[in-house]
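# Examining the three-dimensional arrangement
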Amino acid sequence: MVLYLMIISFIVLMILGFIFRISVALNGLHGSDILFHLSGAFTVLGGGLLYRDVHYVYPPLYAYLQAGVIALFGRNVLVYKFWPIVSDFLVALVLYFFFKVRGEERVGLFALVVYLFNPLTLLSSSWYGLFDSLVAFLFLYGLYLYLRGRAYGSAFALGVGVVVKVASVFVGPLMALHIYLRRGLRETVLWALMFSLPIFLVEAPYLLIVGMEALKQQLEFHIVRGGEGFSVAALFSGLHIPSNIITLVFWIAKLLIYGIVFYLMVKKPLSENIIIKGCFTIMLALITFNTFLYPHYLIYVLPLFLLNYSKTLYEAIASFIKERLLFKAEAIIPIFFIVTISLVCPAYWKFYRDSLAVTLIALMYNMASISLLVSSMKELFGNMERT
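Residues numbered from 1 in each chain as written. Predicted model: local features only at pLDDT ≥ 70, side-chain atom pairs only at ≥ 80, totals over all residues. Heavy atoms only, no water.

The next point concerns the overall build of the chain. Helix and strand content of the chain: 18 helices and 2 strands. In terms of overall size, the chain behaves like a compact globule, its C-alpha atoms giving a radius of gyration of 21 Å where 387 residues would be expected to give roughly 21 Å. Seen through its principal axes, the chain has C-alpha atoms that stretch 60 × 50 × 50 Å. Counting only residues that meet the buried cut, the chain has 53% of its 387 residues in that class. Across the chain, contacts joining residues at least 24 apart in sequence account for 77% of those joining residues at least 6 apart. Per element, the accessible surface of the chain, about 17800 Å² overall, is 70% carbon and sulfur. Charge separation in the chain, taken as the distance between the mean sites of 27 positive and 18 negative side-chain charges, equals 4 Å. (Helix = DSSP H or I, 4+ residues; strand = E, 2+ residues; numbered from the N terminus. Rg over C-alpha atoms; globule rule 2.2 N^0.38 Å. Buried < 20%, exposed > 50% of the residue type's maximum accessible area, 1.4 Å probe, protein only. Contact = heavy atoms within 4.5 Å. Areas by Shrake-Rupley, 256 points an atom, 1.4 Å probe, with all protein chains shown as cover. Lys, Arg positive; Asp, Glu negative; His and termini not counted. Charge placed at Lys NZ, Arg CZ, Asp CG, Glu CD.)

Here the structure, examined in full by the defined rule, presents 6 salt bridges. Between Asp88 and Arg21 there is a salt bridge, and its shortest N-O distance comes to 3.0 Å. One end of the pair, Asp88, is in helix 5 (residues 82-100); the other, Arg21, is in helix 1 (residues 2-25), with 67 residues separating them in the sequence. Using a relative accessible area of 0% as the deciding quantity, one classes Asp88 as buried. Where Glu104 meets Lys311, a salt bridge forms, and the shortest distance between an N and an O atom there is 3.2 Å. Of the two residues, Glu104 sits in the loop between helix 5 and helix 6 (105-116) while Lys311 sits in helix 15 (residues 302-323), which places them 207 residues apart along the sequence. (Salt bridge = Lys/Arg side-chain N within 4 Å of Asp/Glu carboxyl O.)

Turning to a nonpolar patch on the surface, a few remarks are in order. Side chains of Tyr4, Ile7, Ile8, Ile11, Val12, Ile15, Leu16, Phe18, Ile19 and Phe20 sit close together on the surface and give an oily, nonpolar patch of about 960 Å² of accessible area. Mapped onto the fold, Phe20 is located in helix 1. (Patch = residues over 30% accessible without salt bridge, like charges linked within 9 Å, V, L, I, M, F, W, Y side chains within 5 Å.)

Okay, the nonpolar core next. By size, the foremost hydrophobic cluster in this structure holds 131 residues, and its most contacted members are Phe230, Phe305 and Tyr365. With 11 residues, the single largest contributor to this core is helix 14 (residues 272-288). Excluding anything up to four places from it in sequence, Phe305 contacts Phe280, Ser310, Leu313, Pro334, Phe337, Ile338 and Leu372. (Core = buried A, V, L, I, M, F, W, Y, C linked by side-chain atoms within 4.5 Å.)

Let us now look at the packing of aromatic side chains. A complete count under the given rule lists 32 aromatic pairs for this structure. Look at Tyr297 and Tyr300: their rings are 6.4 Å apart centre to centre, the planes differ by 10 degrees, and that puts the pair in the stacked class. Assessed through its relative accessible area of 8%, Tyr297 is described here as buried. Centre to centre, the rings of Phe305 and Tyr309 are 5.1 Å apart; their planes meet at 35 degrees, and the pair counts as tilted. Of this pair, Phe305 and Tyr309 both sit in helix 15, 4 residues apart, roughly one helical turn. Summarising the burial analysis for this pair, Phe305 and Tyr309 share the class buried. (Phe/Tyr/Trp six-rings, centres within 6.5 Å; stacked < 30°, edge-to-face > 60°.)

Contact pair helix 10 (residues 172-183) / helix 14: the axes reach a minimum separation of 10 Å and the direction vectors enclose 155 degrees. Comparing the axis directions of helix 10 and helix 14 gives the class roughly antiparallel. For helix 10 against helix 14, the interelement crossing comes out right-handed. Between helix 10 and helix 14, the residues in contact are Leu174, Met175 and His178 and Ile275, Gly278, Cys279 and Ile282, respectively. (Axes fitted to C-alpha atoms, helices over the stretch in contact; angles between N-to-C directions. Parallel < 35°, antiparallel > 145°, perpendicular 65-115°, else oblique. Left-handed = near helix turned anticlockwise from the far one by under 90°.)

Phi is positive for Tyr51, close to 75 degrees, though the residue is something other than glycine. Looking at the element boundaries, Tyr51 is found in the loop between helix 2 (33-45) and helix 3 (61-73). Judged by relative accessible area, which is 4%, Tyr51 ranks as buried.

For the rest of this paragraph, the subject is the environment of Gly229. With respect to the helices, strands and loops of the structure, Gly229 is situated in strand 1 (residues 228-229). Sequence-wise, Gly229 and Tyr300 are 71 residues apart; in three dimensions their C-alpha atoms are separated by 17 Å. Excluding its chain neighbours within four sequence positions, the residues that come into contact with Gly229 are Ala234, Leu293, Tyr294, Tyr348 and Val358.

All right, on to the packing of helix 2 against helix 3 then. Helix 3 packs onto helix 2 with a crossing angle of 70 degrees between their chain directions and a minimal axis gap of 8 Å. As judged from the angle between their axes, helix 2 and helix 3 are roughly perpendicular. Seen from above, helix 2 lies across helix 3 with right-handed handedness. Facing His37, Leu38, Gly40, Ala41, Phe42, Val44 and Leu45 of helix 2, the residues of helix 3 in contact are Tyr62, Ala63, Tyr64, Gln66, Ala67, Ile70 and Ala71. Across the contact of helix 2 with helix 3, the residue classes tally to 11 nonpolar, 3 polar and no charged. (Nonpolar A, V, L, I, M, F, W, Y, C, P; charged D, E, K, R; others polar.)

Here we come to the side chain of Gln218. By the secondary structure assignment, Gln218 is in helix 12 (residues 212-223). For Gln218, a relative accessible area of 7% gives the class buried. At 3.4 Å, the side chain of Gln218 forms a polar contact with the side chain of Tyr51. In this structure, Gln218 is in contact with Tyr51, Tyr56, Val57, Tyr58, Pro59, Pro60 and Glu203, ignoring residues within four places of it in sequence. (Polar contact = N/O pair within 3.5 Å; in protein donor to acceptor, adjacent residues only side chain to side chain.)

Right, let's get into helix 11 (residues 185-209). Over its 25 residues, helix 11 runs 34 Å from end to end, which matches the ideal 36 Å to within 8%, given 1.5 Å per residue. Every buried residue of helix 11 is accounted for by Glu187, Thr188, Trp191, Phe195, Pro198, Glu203, Ala204 and Tyr206. In the stretch just after helix 11, Gly211 is the one whose phi turns positive, near 90 degrees. (Expected span 1.5 Å × (residues − 1).)

Relative to the helices and strands, Ile276 resides in helix 14. Among the residues examined, Ile276 registers a relative accessible area of 2% and is labelled buried. In this structure Ile276 touches Phe98, Arg102, Leu143, Leu147, Leu307 and Asn308, once residues within four positions along its chain are discounted.

Interpretation note: all reported values are geometric properties and have no functional meaning in isolation.
Laid out in structure tokens, this is it:
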């Protein structure tokens, strides 16, 4: 009986999520990013080349994926947002199965609800048509395959993610280190080759035909950007600190956290929880210590956050509803973080011209994210000591 209720709940939630997203998506195109993505897709459909016939600041794959669905289904607003919406459902599905294989279906349904009905994902995918959820899916699916013992499938999924957006590349070394510690150099080299294969297949033709301009457009746009959005860098803009100094400090912070996570992996080869926590910590540091930050970047972090903290949040909310118990101390920071990225950070899209509102959003987000970073690092050290 319980199994049937779980299945029915899962189906109903997915249907409701679909209805929500379609109703929002039908409201047209909003923002400049989706128009920029479409210019790449239309160039491909017209037989042109990215980077040569149109300026395109992302890796090539998404333009071809978008061009494919446009060629199949025509030019309309739902088709333009097809991949972001489908990817949201895929992320929710993988999240659910992460918990299902542990025998925690209720927690899996909770994680599915938090992701699928989240204002951040709903607005990003269905309103603005941004494709960050596709990157999140490929990364999350790669992690799922890895933890299920399918290391080479994981490598390929992560490599595909890199040629959609480069975010997946930052956890590649972490996976490679784990394989090296457990399986040795030969398996690590094979994993790295499988990771590199989709990157080579997608990028090599452009490097041959267009040359280094292809890589320049993909990388330079993101490297040279200054403090924008509600990045913590924006909080220093009034102090007249040179942007190169802020960038240097941020890179030191990211590399330091990266190094600490690597040290812990070497010190104590990994349990499943530690590698999930390590990936989450790295991605959260990467997003937080960035000189530009917009709400949709947080979609890279949200699924990993839910893997780490859904059980804590579920138990805290269940206790509050059933027994009117106050939230336990370990739930306070995760609750603060999920409320901030789900409700406060999407408000940036509405108030981005209001400097006071952006400053308040930046302060609240960075308080939440840095607190969670510190907490996550403490948990990593704690796991190492206990095991």
